[in-house]
Amino acid sequence: MSAFAAMLKRELRLSLRGGGEMLTLVLFFVIVGAVVPFAVGPDKALLSRIAPGVIWIAAFLAMLLGLEKLFGPDRDDGTLALYRLADLPLAAIVAAKVIAHWLTAALPLILASPALALLLAMDAETFWRTLLSLLLGTPALAGFGAIGAALTVATRRGGLLAPILIAPLSVPVLIFGVGAISPSGGADQAQVAALLLAALSLTVATLSPFAAALAIDWGED
Amino acid sequence: MATDAVQKMTFWNRLAHPGQFVQWTRPLVWPLAGLSLVLFLAGLYFAFFVSPAEKYMGDTVRIMYVHVPSAWLSQFVYATMAASALGTLIWRHPMADVSMKAAAPLGATFTAMALFTGALWGRPTWGTFWEWDGRMTSTLVLLFIYFGIIALWRAFDDQLRAARVVAVFTLVGAVNIPIIKFSVDWWSTLHQPASVFRADGPTMPPEILTPLFVMFFAFTLLFAVLQLVGMHTEVRRRRVTTLERRAARGESR
Amino acid sequence: MIALGDHAEFILAAYAGVFVTLALVISWTVVAARRTTRRLEELGDTRRADNANP
């Protein structure tokens, strides 16, 4: 367990030291959301109607952006090869990385989401549901992201490939994520979506380190 | 007899050795291809000359005879790939790699065909080429997954490594596809409560079932033939790579 | 050929699309098979793993 904690600490320290990247990610998230009104027009009724979808898409894209640095630097300096020989199972190392990825790439977005809610004319109640839905759904995105990054880590030109692989898998996350915010079918359906989203996140967050570890182990020899 | 040793090899051993596999399956190619062709011709005859117009959909029901087999194959090919992926991951079966690689473009083709015929069927029956209904949407997502798999194959130079990584992704996709299907169904019923189309409507009369079944087997056999030939080509392509590498090494020395 | 009703163009387009695609896939498979066989012969493959001789 202490090795796991040390891994987590290392990952967090590395991400925080390059704090500029986190800021870039947050800026990207806010700017993608803020660009939408220019494209669809400043109609407040329309904006508040599409706001949940816009926030989810912005979060999705921002999380894809941070994937390259999940395993890329470790591959380049050879740390990844050492991880495969470590006492700690590779899956545990990947799990630590996924947790660190969520803390540094998803949590800042959630904290920045009030800015987007304001710009997109969200009412307070929808905003709270958005916050809940992002909290419930982003672990699944982080898990899928880890799988995508692990699958492409052995390829030299994998930068664009990971998003292509993950996007279709993430469809349920987007569906239930937005469904938990703006239910067309009534409040009970929103609750159903939130529960399904939580179930999905738990499953993906649990299983993805194993899949990602398998992909790294078998892609790298 | 020299072939006795071969005969005594177990089924799986025979399947595992690339040379044996090719030798064993090559005689199947032409008979299967011929059978598939006959079934296609019979299916076309039934589809256009025997099958009556359907009561509700009219003549457009004839599109179903190519649409349903494509849609079936879009899922069956994925099942083939997932089974092969298990073979790669668990038994490191060399022919499983080859089978996965040969199936991916075929699966993408059949999925694209299912979407194409579905759109052409949708225009006269629903009044639109594209409807975000559960079935079409999940087929579209499946097509994207196929494209991802093909792109992943192409991203690697070393095909043995590629096979194992692709196998992981294929299985992740296989676990995910039911979830995607469920979520998309939930989503589409939420957004359009009035369902436009139900396939499990009135039971189909035999005049419509006959061409459907004939076409179904014709398509499936065609897939089997293409898959076998694709696997044979892939086995030889690997031999080419080995020889080229050997030649390059010999010349540089 | 019987009359195809109001939507003949859709039916014919669907069948044409399907069979053109199938023809393309079949010819692509055949061309790929031929090309690898030829390349193998150019390289002077002696093992002939793909041939039926034991």
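Since this is a predicted model, take the numbers as computed values, not measurements. (Residues numbered from 1 in each chain as written. Chains lettered and ligands numbered in written order. Predicted model: local features only at pLDDT ≥ 70, side-chain atom pairs only at ≥ 80, totals over all residues. Heavy atoms only, no water.)

Asker: Got a sec to walk through empty space enclosed by the protein? Specific residues and values, please.
Answerer: Think of a ball as big as a water molecule: rolled over the atoms, this probe shows where empty space is left. Residue and element names in this part refer to chain A. Tallied over the full model, the rule gives one cavity of 30 Å³ or more. As a volume, the largest cavity reaches approximately 50 Å³. Taken together, Phe60, Met63, Leu64, Leu67, His101, Leu141, Ala142, Gly145, Ile166 and Ser170 form the lining of the largest cavity. Secondary structure elements with two or more residues in the lining of the largest cavity: helix H3 (44-65) and helix H7 (124-152). Grouping the constituent residues of the lining of the largest cavity by class yields seven nonpolar, three polar and no charged. (1 Å grid on protein atoms, 1.4 Å probe; cavity = no way out; pocket = protein on both sides within 12 Å on 5 of 7 lines; lining within 4 Å. Points joined across faces, edges and corners; volume = space filled by probe spheres on them. Helix = DSSP H or I, 4+ residues; strand = E, 2+ residues; numbered from the N terminus. Nonpolar A, V, L, I, M, F, W, Y, C, P; charged D, E, K, R; others polar.)

Asker: Please give an account of the packing of H3(A) against helix H9 (residues 171-179) of chain A that cites residues and values.
Answerer: Residues and elements named next belong to chain A. The geometry of H3 relative to H9 is characterised by a closest axis approach of 9 Å and an angle of 145° between their N-to-C directions. Taken as a pair, H3 and H9 cross one another with a handedness that is right-handed. The segment H3 lies against H9, with Pro52, Gly53, Trp56 and Phe60 engaging Val173, Leu174, Gly177 and Val178. Here the residues of the contact of H3 with H9 sort into six nonpolar, two polar and no charged. (Axes fitted to C-alpha atoms, helices over the stretch in contact; angles between N-to-C directions. Left-handed = near helix turned anticlockwise from the far one by under 90°. Contact = heavy atoms within 4.5 Å.)

Asker: Any chance you could break down the packing of aromatic side chains for me, citing the residues and the numbers?
Answerer: Residues and elements named next belong to chain B. For the coordinates displayed, the defined rule picks out 20 aromatic pairs over all chains. A ring pair is formed by Phe76 and Phe223, whose centres lie 5.9 Å apart and whose planes are at 85°; its orientation type is edge-to-face. Of the two residues, Phe76 is situated in helix H4 (residues 61-91) and Phe223 in helix H8 (residues 206-252); the sequence distance between them amounts to 147 residues. Overall, Phe76 belongs to the partly exposed group, its relative accessible area being 30%. The class for Phe223 is buried, based on a relative accessible area of 4%. (Phe/Tyr/Trp six-rings, centres within 6.5 Å; stacked < 30°, edge-to-face > 60°. Buried < 20%, exposed > 50% of the residue type's maximum accessible area, 1.4 Å probe, protein only.)

Asker: For unusual backbone geometry, give the residues involved together with the corresponding values.
Answerer: Residues and elements named next belong to chain A. The backbone phi angle of Ala121 is positive, close to 55°, even though this residue is not glycine. Among the structural elements, Ala121 can be located in the loop between helix H6 (90-119) and H7. The partly exposed category is assigned to Ala121, whose relative accessible area is 25%.

Asker: Break down the UniProt feature "transmembrane region" (unreviewed entry) in chain A for me, citing the residues and quoting the values.
Answerer: Residues given the UniProt feature "transmembrane region" (unreviewed entry) here are residues 21-40, 46-67, 88-111, 131-153, 160-181 and 193-216 of chain A. End-to-end, the C-alpha atoms of residues 88-111 of chain A are 32 Å apart, and along that stretch the chain is 92% helix and 0% strand. (UniProt positions renumbered as here; feature names shortened; annotations may be inferred.)

Asker: Outline the interface of chain A and chain B, listing residues and values.
Answerer: A common measure of how large an interface is: the accessible area buried when the components associate. The interface of chain A with chain B comprises 30 residues on the first partner and 30 residues on the second. In total, chain A and chain B occlude about 2600 Å² of area from one another, counting both sides; carbon and sulfur atoms represent 75% of this. There are zero salt bridges connecting chain A and chain B. At the boundary of chain A and chain B, one finds zero residue pairs in polar contact (both at pLDDT 80 or more). Counting only elements with at least two residues in the side of chain A that touches chain B, the list comes to H7, helix H8 (161-169), H9 and helix H10 (187-219) of chain A. Considering every element that reaches the side of chain A that touches chain B, the biggest residue donor is H10(A), with 10 residues. (Buried area = accessible area lost by both parts, 1.4 Å probe. Salt bridge = Lys/Arg side-chain N within 4 Å of Asp/Glu carboxyl O. Polar contact = N/O pair within 3.5 Å; in protein donor to acceptor, adjacent residues only side chain to side chain.)

Asker: Kindly report on the nonpolar core, identifying the contributing residues and their values.
Answerer: Core analysis: the biggest nonpolar cluster contains 139 residues, and A:Phe29 and B:Phe219 have the highest contact counts within it. Broken down by element, the residue count for this core peaks at 16 residues, all from H6(A). Dropping the residues within four chain positions of it, A:Phe29 is found in contact with A:Ile55, A:Ala58, A:Ala59, A:Ala62, A:Leu109, A:Ala112, A:Ser113 and A:Leu116. With 14 residues, the next largest nonpolar core counts B:Leu32, B:Met95, B:Leu228 and C:Ala33 among its residues. (Core = buried A, V, L, I, M, F, W, Y, C linked by side-chain atoms within 4.5 Å.)

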